[in-house]
Amino acid sequence: MNYKDLADLIFPNAKEIAYYEEKYPERNLPEGAVVTRFAPSPTGFVHVGGLYQALVARTVAKKTEGVFFLRVEDTDQKREVENGVTGIVNSLKDFDMAPDEGMVTEIDEIGNYGPYKQSSRKEIYEAYAKYLIEQGKAYPCFASSEELEEMRAKQEAAKIRPGYYGVWAKYRNLPVDEAIEKIKNGEDYIIRFRSPGREDRKIKHKDVIKGNVDFPENDQDIVIIKADGLPTYHFAHAVDDHLMRTTHIIRSDEWLSSVPLHLQLFQELGFKVPKYAHISPIMKNDNGNKRKLSKRKDPEAAVSYYKEEGIPTDAVKEYLLNIANSTFENWRRANPDKNIEEFDFQLNKMSVSGALFDMVKLLDIGKTVISKMTAEQVYAKSLEWAKEYDEELATLFENNKEYSLKILGIERGNAKPRKDISKWHDLKNAIIYMYDNEFLNREIQYDYAKVSRKEEIVKILNLYKEKYFHIADDKQTWFDKIKDLAEEVGFAREVKEYKKEPEKWPGHVGDISTVLRVALTGRQNTPDMYEIMQVLGKDSVIARLEKAIQNEGK
RNA sequence: GGCCCCUUGGUCAAGCGGUUAAGACAUCGCCCUUUCACGGCGGAGACAUGGGUUCGAUUCCCGUAGGGGUCACCA
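The text that follows walks through the structure, step by step, so that each part is easy to find.

Calculation notes
- Residues numbered from 1 in each chain as written.
- Chains lettered and ligands numbered in written order.
- Predicted model: local features only at pLDDT ≥ 70, side-chain atom pairs only at ≥ 80, totals over all residues.
- Heavy atoms only, no water.
- Near = heavy atom within 4 Å.
- Polar contact = N/O pair within 3.5 Å; in protein donor to acceptor, adjacent residues only side chain to side chain.
- Nonpolar A, V, L, I, M, F, W, Y, C, P; charged D, E, K, R; others polar.
- Axes fitted to C-alpha atoms, helices over the stretch in contact; angles between N-to-C directions.
- Helix = DSSP H or I, 4+ residues; strand = E, 2+ residues; numbered from the N terminus.
- Parallel < 35°, antiparallel > 145°, perpendicular 65-115°, else oblique.
- Contact = heavy atoms within 4.5 Å.
- 1 Å grid on protein atoms, 1.4 Å probe; cavity = no way out; pocket = protein on both sides within 12 Å on 5 of 7 lines; lining within 4 Å.
- Points joined across faces, edges and corners; volume = space filled by probe spheres on them.
- Domains from an automatic or database assignment.
- Buried < 20%, exposed > 50% of the residue type's maximum accessible area, 1.4 Å probe, protein only.
- Pairing = 2+ DSSP bridges.

## Some thoughts on the protein's contact with RNA strand B
- Of all residues adjacent to RNA strand B, which total 61 residues, the nearest are Arg-152, Lys-226, Arg-418, Lys-419 and Ser-513.
- Within 4 Å of the protein, the contacting atoms of RNA strand B are 72% sugar and phosphate, with bases supplying the remainder.
- Between RNA strand B and Lys-367 there is a distance of 3.2 Å, counted from a phosphate oxygen to a side-chain nitrogen or oxygen.
- Here a base nitrogen of RNA strand B and a backbone polar atom of Thr-526 are 2.9 Å apart.
- For the surface near RNA strand B, a count of residues per class yields 22 nonpolar, 14 polar and 25 charged.

## Quick word on the packing of helix 20 (residues 475-488) against helix 22 (residues 509-521)
- Put simply, helix 20 and helix 22 touch, their axes get as near as 9 Å, and they point 105° apart. By the angle class used here, helix 20 and helix 22 are roughly perpendicular. Residues Ile-482, Lys-483, Leu-485 and Ala-486 of helix 20 form the contact with helix 22, whose own contacting residues are Val-509, Ile-512, Ser-513 and Leu-516.
- Here the contact of helix 20 with helix 22 is composed, by residue class, of six nonpolar, one polar and one charged.

## So, the layout of surface pockets
- Of the pockets and cavities examined, the largest pocket occupies roughly 1300 Å³.
- Along the wall of the largest pocket there are 41 residues; nearest its centre are Pro-312, Thr-313, Asp-314, Val-369 and Met-373.
- Mapped by element, the contributors of at least two residues to the lining of the largest pocket are helix 10 (303-309), helix 11 (313-324), helix 12 (327-334), helix 13 (359-371) and helix 14 (375-389).
- Of the residues belonging to the lining of the largest pocket, the class tally is 14 nonpolar, seven polar and 20 charged.
- Lining the second largest pocket are 40 residues, with Ala-39, Pro-40, Ser-41, Arg-79 and Glu-254 positioned closest to its centre.
- Listing elements by their share of the lining of the second largest pocket, those giving two or more residues are strand 1 (35-38), helix 3 (48-63) and strand 10 (248-252).
- A per-element tally of the lining of the second largest pocket places helix 3 first, with four residues.
- A breakdown of the residues in the lining of the second largest pocket according to their chemical character gives 15 nonpolar, 12 polar and 13 charged.
- Counting only domains with at least three residues in the lining of the second largest pocket, you end up with domain 1 (3-14 + 122-279) and domain 2 (285-349 + 356-371).

## With respect to the environment of Thr-75
- Within the secondary structure layout, Thr-75 lies in the loop between strand 2 (67-70) and helix 4 (84-94).
- C-alpha of Thr-75 to C-alpha of Ser-120: the two residues are 45 residues apart in sequence and 9.6 Å apart in space.
- Aside from chain neighbours lying at most four places away, what touches Thr-75 is Gln-118, Lys-226, Asp-228, Leu-230 and Pro-231.

## What about the pairing of strand 7 (residues 202-207)?
- The two faces of strand 7 differ: Ile-203, His-205 and Asp-207 on one face are buried, but Lys-202, Lys-204 and Lys-206 on the other face are not.
- Here strand 7 runs beside strand 8 (residues 211-216); their pairing, made up of six bridges, is antiparallel. Opposite Lys-206, over in strand 8, you have Asn-212 as the bridge partner.
- Here strand 7 folds back onto strand 8, and the loop between the two strands holds three residues.

## Some thoughts on empty space enclosed by the protein
- Inspection of the entire model under this criterion finds three cavities of 30 Å³ or more.
- In this structure, the largest cavity encloses a volume near 190 Å³.
- As for the largest cavity, its lining consists of 17 residues, and the residues nearest its centre are Ile-407, Ile-410, Arg-418, Asp-420 and Ile-431.
- Counting residues per element, the ones that place at least two in the lining of the largest cavity are helix 16 (401-408) and helix 17 (427-431).
- For the lining of the largest cavity, the element with the highest residue contribution is helix 17, accounting for three residues.
- For the lining of the largest cavity, the class distribution of residues is 12 nonpolar, one polar and four charged.
- As a volume, the second largest cavity reaches approximately 110 Å³.
- Taken together, Leu-55, Arg-58, Thr-59, Lys-62, Lys-63, Met-97, Lys-317, Leu-321, Ile-340, Glu-341 and Phe-343 form the lining of the second largest cavity.
- Per-element accounting of the lining of the second largest cavity gives the leading share, five residues, to helix 3.
- In the lining of the second largest cavity, the residues fall into five nonpolar, one polar and five charged.

## Notes on the sheet that holds strand 4 (residues 109-110)
- Taking strand neighbours across the sheet as the criterion, the four strands line up as 1-2-3-4 in an open arrangement whose pairing is mixed. Across the chains shown, the open sheet's two edge strands, defined by having one partner strand only, are strand 1 and strand 4.
- As defined by bridge partners, strand 2 adjoins strand 3 (residues 101-103) across two bridges and the pair is classed as parallel. Opposite Leu-70, over in strand 3, you have Gly-102 as the bridge partner.
- The sheet contacts of helix 4 involve strand 1, strand 2 and strand 3, and relative to strand 2 the element is tilted by about 145°.

## Considerations on the sheet that holds strand 6 (residues 190-193)
- Pairing within the open sheet is antiparallel, and its three strands lie in the order 5-6-9. The two strands at the open ends of the sheet, each matched to only one other strand, are strand 5 (138-141) and strand 9 (223-225). With strand direction ignored, the average angle separating the axes of adjacent strands in the sheet is 45°.
- By the bridge criterion, four bridges tie strand 5 to strand 6 in an arrangement that is antiparallel. The residue bridging Cys-141 from the neighbouring strand is Ile-190, located in strand 6.

Structure, rendered in structure tokens:
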């Protein structure tokens, strides 16, 4: 009885690995093309960190005319969530980051290197596990979980390194005959890797991002096939990324310490070792301590949060790219209108330590992104958002499309467009007063700032309404008239003169403007008042002035 | 605890032995012939710490402190 017999007994139906090697040949890609992947578990939750990894992986692949694929790692049945794959696929789609290959719906996939869902790859893992057993590089382990716990307790008590290795690897040297007998007797077992490593030897590894990292060799006989017949992450990683011909493993740096194991696995399986790029996680400041953005504690950890808030996807991508390569910011300034895919992304320029998530900066980018859009784009994007998250706004927009476009066009499209909206969630509050239904039929809290006497307010508003307001005036005329009005009520015509001798007047033209602004909009801060009045139109302006005058009469 | 990694202003970060130590966000002031949002100009603000090496260390080496990661039949 030899290894071959043992392997045949355990996996009688497994194919030869040559079959798969042939089925999934080296990819025919241009020189220097990089193949990357995003390989999440379908837990139904997409973390920004995951999006970040996917963005980096995809950017690198695109830049080199390589391939970016989506593989679903669902080997842990306990964590399985319904429609988990759909959530991931849709999130990537939302961000315009659909993969070249891999899962495209819950069950469908595209590409020649599939299946792209690990639970569908069982027979492949079995073939490679069988191969390893035949070579004497893997073996069945009959230790029960109680036994393992007991072992661990002993190790801890003796203060030695825990794990299944060396003398603790109880079944590592079990004679083949005995193993076969146990299996035939129906004893439970799993498959372990027979590690050739020694803890007292060091290996050198060069990570694309982290640089040179030295580790002790792995000497743990880790599990490669679990009791449920599915592989562990480590084994699946080696088999899948080899067969899918991944050139660069871009993943979270929590995997860095597994590199010695992975390197060993690739070697023992006879695979070409890929390049590794371990990305630092996005952190959050929690009472002076840095910690990873947490799914449970931080709403902004969920990709869905950005969608709900209406932060443009481009803003999120730009922010993430900015964390990834700080030169992005300079590039963006030099090329404000270029597509982000034209940016020359450098994997090895990524930071070795994790960046603190900065919502303020993200929103600042959001402002810029939105400011560059046309009124039509703002309308389309915000309406799409509103349909899902703000019914009132959606209705308002749909019932007043032309008028809404005018509002959104205020101070837009010129050299210095407005930058007051950072996310769709803020939009309604910024423009709601422009709609007569929302303004005229509602109780408004008027606060005229410096001018507070009722009679004076009424006087100003009446004068404007009766004498100075002409909707057809051009901007200069319009403005001159407000100055005339200021003069007529005894206010300074020019702010500068007023500032020189403030005691000479009760206020200046700006204070008069504020009275008009508040009467027309209910607010002290608004975009350009001339444009607002043009958009409102004559009747609305008059109605609003009257409403304000009446209010003072109460 | 073992092993591994990290440490430049509030935040993201350039920098690779000699620099007035960039830039962006945030913050403060002034200007932008009326507010706000922009935009412009300017200000304040940093090399964790102790030893080396060196003519010279933010940069190289060692220690200390702080932070992070990892030690599953989870990924």
